[in-house]
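# Report on the structure
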Amino acid sequence: TISMELNKEDLQKLEEMSGALMSPEEIAILLDIVPDERKLFRSMCLEHDRSEIYTAYQKGRLNTKLKLRETIVKLAMAGSPAAEPIAIKFINEQKT
């Protein structure tokens, strides 16, 4: 099995950058991952669901998704005509 590991500091940076909705490719450059290992890093972020890299990447992304959804729901509940259809879409997605 081909794998890659990051230290705790880089895992934290990965989570923060993912939370800022940066792509694995962009994050790899900022973490100084050598070009030959960038495809592996991307794969680890998106597909290797048992790795710390995957968990950090997904956690950052999902925390931002949660914050955005919370904001949209609050706006919809306050009567925002722009947020209401998005909130309804979220409700329908949740059913599946």
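What this report covers is the structure whose coordinates are included nearby. Everything numeric in this text was worked out from a predicted model, so none of it was measured. (Residues numbered from 1 in each chain as written. Predicted model: local features only at pLDDT ≥ 70, side-chain atom pairs only at ≥ 80, totals over all residues. Heavy atoms only, no water.)

### Quick notes on the packing of aromatic side chains
Put simply, the rule reads: Between the rings of Phe, Tyr and Trp (Trp by its six-membered ring), a pair exists once the centres lie within 6.5 Å; its type follows the angle of the planes, with under 30 degrees stacked, over 60 edge-to-face, and the other angles tilted. Any Lys NZ or Arg CZ that is within 6 Å of a ring centre and within 35 degrees of that ring's normal is treated as a charge sitting over the ring.
Applying the stated criterion across every chain, the model contains zero aromatic pairs. Across the ring face of F90, the terminal group of R69 is positioned such that the distance to the ring centre comes to 3.8 Å.

### A short note on the pattern of salt bridges
Spelled out, the test is: The salt bridge definition used is simple: a Lys or Arg side-chain nitrogen within 4 Å of an Asp or Glu carboxyl oxygen. Only DSSP runs of H or I with at least four residues qualify as helices, and only runs of E with at least two residues qualify as strands; both kinds are numbered from the N terminus onward. Burial here depends on accessible area, computed with a 1.4 Å probe over protein chains only, as a share of the maximum for the residue type. Under 20% is buried, over 50% is exposed, and the range in between is partly exposed.
Following the criterion strictly, the structure yields five salt bridges and no others. Residue K13 pairs with D10 through a salt bridge whose shortest N-O separation is 4.0 Å. In this pair, K13 and D10 are both assigned in helix 1 (residues 8-19), three residues apart and thus about one turn of the helix distant. D10 sits in the buried class, given a relative accessible area of 17%. We note a salt bridge from K89 to E93, for which the minimum N-O separation is 3.3 Å. Taken together, the residues K89 and E93, both in helix 5 (residues 83-95) and four residues apart, mark about one turn of the helix. Judged by its relative accessible area of 48%, K89 falls in the partly exposed class. Among the ionic contacts, a cluster of salt bridges with common partners joins E9, D10 and K13.

### Side note on the packing of helix 1 against helix 4 (residues 52-77)
Helix-helix packing is characterised by the crossing angle of the two axes and by the distance between the axes. Defined as follows: Lines fitted to the C-alpha atoms define the axes, with helices restricted to the stretch that makes contact. Angles between their N-to-C directions range from 0 to 180 degrees. Helix crossings fall into two classes, left-handed where the near helix is turned counterclockwise from the far one by less than a right angle and right-handed where it is turned clockwise. Here, residues are in contact when the closest pair of their heavy atoms is within 4.5 Å. By the convention adopted, Pro, Cys, Tyr, Trp, Phe, Met, Ile, Leu, Val and Ala count as nonpolar, Lys, Arg, Asp and Glu as charged, and the other residues, Gly among them, as polar.
In contact at an axis separation of 7 Å, helix 1 and helix 4 are set at 35 degrees when each is read in the N-to-C sense. For the element pair helix 1 and helix 4, the recorded crossing hand is right-handed. Counting all contacts with helix 1, which are made through L11, L14, E15, S18 and G19, the residues of helix 4 involved are E52, I53, A56, Y57, K59, G60, R61, N63 and T64. Its residues placed into classes, the contact of helix 1 with helix 4 shows five nonpolar, five polar and four charged.

### Section: unusual backbone geometry
The phi dihedral of L21 is positive, around 65 degrees, even though this residue is not glycine. Accessibility expressed as a relative area gives 54% for L21, which makes it exposed. Notably, D32 is not glycine yet its phi reads approximately 60 degrees, a positive angle. One can find D32 in the loop between helix 2 (24-30) and helix 3 (38-46).

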